[in-house]
Amino acid sequence: MVLPSITKVLRQGQICNTCRILRHVLIAPNATEGIMKITIQHLTVSYFADSAAGTSIAIPLQFDGAQPNHFGTNKASHEPLRLAGFIGKTELGGSCNVDTLQIVPHCNGTHTETISHIVNDDIWIGHAAMDVCCMAVLISVPVVTATRTSEDYRPQLNNEDKLITAASLKAALRPFTELKPAALVIRTLPNTTTKRSQSYSAESSPAFLTVDAIKVINELGCRHLLLDLPSVDRMYDDGLLTNHHIFWNVPEKSHAMTADSWQDKTITEMAFIDDALADGVYLLNLQVPSFSGDAAPSRPILLPLQKTNG
Ligand SMILES: [Zn+2]
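So, a few notes on the structure that sits alongside this text. (Residues numbered from 1 in each chain as written. Predicted model: local features only at pLDDT ≥ 70, side-chain atom pairs only at ≥ 80, totals over all residues.)

Moving on to the overall build of the protein. Per the secondary structure count, the protein includes four helices and 21 strands. Within the protein, residue pairs in contact and separated by at least 24 positions form 69% of the contacts whose partners lie at least 6 positions apart. (Helix = DSSP H or I, 4+ residues; strand = E, 2+ residues; numbered from the N terminus. Contact = placed C-beta atoms within 7 Å.)

On to the sheet that holds strand β15 (residues 208–209). Strand order in the open sheet made by the three strands is β11-β12-β15, with mixed pairing throughout. Sheet topology places β11 (144–145) and β15 at the edges, where each strand pairs with a single neighbour. Of the strand pairs in this sheet, strand β12 (residues 162–164) and β15 are connected by two bridges, and their pairing is parallel. Looking across to β15, one finds that Ile164 is bridged to Leu209. (Pairing = 2+ DSSP bridges.)

As for its position among the elements, Arg148 is in the loop between β11 and β12. Since 10 C-beta atoms lie within 10 Å of it, Arg148 is described here as exposed. (Buried ≥ 20, exposed ≤ 12 C-beta atoms within 10 Å, placed from the backbone.)

Let us now look at the pairing of strand β1 (residues 37–42). Judged by how many residues are buried, β1 sits mostly at the surface: zero of six residues are covered. Here six bridges tie β1 to strand β2 (residues 45–50), and the two strands are oriented antiparallel to one another. Bridge pairing in β2 links His42 to Val45. Between β1 and β2, which pair antiparallel in sequence order, lie two residues; one of them, Leu43, sits at a positive phi of approximately 55°.

This paragraph deals with the sheet that holds β1. Within the open sheet, the three strands sit side by side as β1-β2-β21. Their pairing is antiparallel. Lying at the two open borders of the sheet, with one neighbouring strand each, are β1 and β21 (306–307).

If you check which residues of helix α2 (residues 166–173) are buried, you get Ala166, Ser168, Leu169 and Ala172. Viewed end-on, α2 has its buried residues packed into an arc of 160°, placing them on one side of the element. (Arc of directions from axis to C-beta.)

The next point concerns helix α3 (residues 211–220). Structurally, the α-helix is built with 3.6 residues per turn, so residues lying three or four positions apart point the same way. For α3, the complete set of buried residues consists of Ala213, Ile214, Ile217 and Leu220. All buried residues of α3 fall inside an arc of 110° around its axis, so they share one side. Contact partners of the buried residues in α3: β12, α2, β13 (183–189), β15, β16 (224–227) and α4 (242–248). Residue Gly221 follows α3 closely and has a positive phi angle near 85°.

Glancing now at unusual backbone geometry. Cis geometry is found at the peptide bond from Arg154 to Pro155, where omega equals 5°. Position of Pro155 relative to the elements: it lies in the loop between β11 and β12. Of note, the amide linkage connecting Leu189 to Pro190 takes the cis form, showing an omega dihedral of 5°. Among the secondary structure elements, Pro190 is positioned in the loop between β13 and β14 (199–200). Although it is not a glycine, Asn249 sits at a positive phi angle of roughly 55°. Inspection of the secondary structure puts Asn249 in the loop between α4 and β17 (266–269). For Asn249, a count of 15 C-beta atoms within 10 Å corresponds to the partly exposed category. Not every positive phi belongs to a glycine, and Lys253 is a case in point at roughly 65°. Take Lys253: it is sitting in the loop between α4 and β17. C-beta crowding within 10 Å serves as the criterion here: with 11 such atoms nearby, Lys253 is assigned to the exposed category.

The subject of this paragraph is the packing of α2 against α3. Viewed as axis vectors pointing N to C, α2 and α3 meet at an angle of 35°, and their least axial separation amounts to 7 Å. Contact residues: α2 offers Ala166, Leu169, Lys170 and Leu173, while α3 offers Asp212, Ala213, Lys215, Val216 and Leu220. Here the contact of α2 with α3 is composed, by residue class, of six nonpolar, no polar and three charged. (Axes fitted to C-alpha atoms, helices over the stretch in contact; angles between N-to-C directions. Nonpolar A, V, L, I, M, F, W, Y, C, P; charged D, E, K, R; others polar.)

All right, on to the pairing of β16 then. Neither face of β16 is open: one carries His224 and Leu226, the other Leu225 and Leu227, and all of them are buried. Pairing analysis gives three bridges linking β16 to β17, with the strands arranged parallel. Across the sheet, Leu225 pairs through a bridge with Ile267, a residue of β17. Remark: the β16/α4/β17 crossover connection has right-handed handedness. (Right-handed = clockwise from strand over helix to strand, strands pointing away.)

Shown next, in the form of structure tokens:
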């Protein structure tokens, strides 16, 4: 196979079409070389995807720019490595660029987490999502206020809570009910670009899922849940993380897995799904680094899937 080559380098002042960041260096496959037509079989239907048609739904983490933030955590930051006789920055005379990073994956941007987020056991994110390509369904779901639903949450809902409901999910999933996708991607509406740099706090707390909604997702049977909210649970929820417990089938108020807990499931939070991606069926490539621990920054890639003829 011919490896893709770098076809375009953006100069200062140009904007990358992919992540809309200035001075970004875009590495894109050559238009004709190394592109694969990927054919997959899901249930009884064949689909194909173009390996060059992927779109990242990760929020680009700009260490020197605007970042999303949860709970007022320190910004993700980078520093040139400084050792005796060495500085990891060419602009400062170093022989190469070597950064030290400080990141809180759960709070600084798009990240993927395992069941270890809520249990004592080590299910490392670096060992998760080994089904590196799987079928995903992308749906768009409106955020509604708690006064407009009779659905439940633990702890009790407040009137001002903003919610993703089971009713909304069921309506959005209706065209895909027969598919049994391995992953579900939820774009919440309205889909404003402010999600790329939103600071979530007590004054601007994000939407979350009702208990009924997370049960709908469990009934769908998907292993990977991806969404543009910073959490499936309420920001201030008395530490219950009810929806996380239901999603992984861990008894509520417990940090112990059981034989029935779903260790292979992941949740990706604080993604951003551009409007250019239509609701529909995709091939998901969920990319996570090989870290120990419960969570890591991630870069989920969606490739549109089209049914093949015949
Ligand atoms: Zn998280």
